[in-house]
Amino acid sequence: MAGTEPEERTAPVSPASVELPQGGTVHAVVRWGTDVMHRPARPVTAYDEELRTLVADMFATMYAADGVGLAACQIGVDRAVFVYDCPDESGTLHRGIVCNPVVELPEGRARRLDDSDEGCLSYPGAFVECARPDWARVRGQGLDGEDVVYEGDGLLARCLQHETDHTQGTVFGDRLNDRARKKLRKQMEAAAEDYPRGWPVGAGSARRSASGPGGTAIDVDHVDL
Ligand code: NI
């Protein structure tokens, strides 16, 4: 997702956050309309070096694009895996890797919708309101095939849902009505100059340059997923 009013701050990091594979290569982000984004991804079955390289490349690309989440299909790879580095409602950052994600959402009275703006790195420069449950839990596997469970609220809840959608071939435009989709398209077209073919290769990150044990400088208002 992407934000319109960047706000710099230093946030604490959740102790559940995982060690990220380093040294990845930044790839061009694949856009909506490309086949790999609109069909369910193949499950991850091998937890090997190839997967580590893929995940390292996904993190590198997500940071270069100033995103808070990225799925493999967004760098053109047909595998059900996503990565994220995203704040929850309290501002605490959560970092993780989920293979073969399955999302659980609140039902009945516990189900409350949050209609905050949402954006996608594969449809860059555009944000519209998208109603989603304000809490989510995702189950799947980590980088070594171990079972993982992540849950949260705020932007993190939105991110976990948005990225799981990507692994199933759904983009958030599929969840919008015609009017909202039209608004989104206009914004994307107006911003097209800022996102040339190949972006974010060579773009560098304005936002994530100062990551360290104490926290990460991020802007949280509008982020691309
Ligand atoms: Ni997206």
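The present account deals with the structure reproduced in this document. If you're wondering where the values come from, they're calculated on a predicted model, not measured in any experiment. (Residues numbered from 1 in each chain as written. Predicted model: local features only at pLDDT ≥ 70, side-chain atom pairs only at ≥ 80, totals over all residues.)

1. Side note on the overall build of the protein chain
- Of regular secondary structure, the protein chain possesses 3 helices and 12 strands.
- Considering the protein chain as a whole, with its 225 residues, one finds that 41% of them fall into the buried category.
- Across the protein chain, every contact between residues at least 6 apart in sequence was considered, and the portion connecting residues at least 24 apart equals 75%. (Helix = DSSP H or I, 4+ residues; strand = E, 2+ residues; numbered from the N terminus. Buried ≥ 20, exposed ≤ 12 C-beta atoms within 10 Å, placed from the backbone. Contact = placed C-beta atoms within 7 Å.)

2. Remarks on the pairing of strand β6 (residues 117-120)
- When β6 meets strand β7 (residues 123-129), the two strands line up antiparallel, connected through 3 bridges. In the strand pairing of β7, Asp 117 is matched with Glu 129. (Pairing = 2+ DSSP bridges.)

3. Side note on unusual backbone geometry
- Here the amide bond leading from Trp 199 into Pro 200 is cis, since omega sits at 10°, within 30 degrees of zero.
- Locating Pro 200 in the fold gives a position in the loop between α3 (178-190) and β11 (211-212).
- Although it is not a glycine, Asp 66 sits at a positive phi angle of roughly 55°.
- Residue placement: Asp 66 occurs in the loop between α1 (49-64) and β2 (69-71).
- With 24 C-beta atoms counted inside 10 Å, the residue Asp 66 sits in the buried group.
- Positioned with a positive phi, Asn 100 is a non-glycine residue whose angle comes to about 50°.

4. Digging into helix α2 (residues 154-167)
- Its 14 residues place the ends of α2 21 Å apart at the C-alpha level, agreeing with the 20 Å of an ideal helix rising 1.5 Å per residue.
- In terms of burial, α2 is a largely internal element, 13 of the 14 residues being buried.
- Once α2 finishes, Gly 169 follows within two positions and takes phi at roughly 85°, a positive value. (Expected span 1.5 Å × (residues − 1).)

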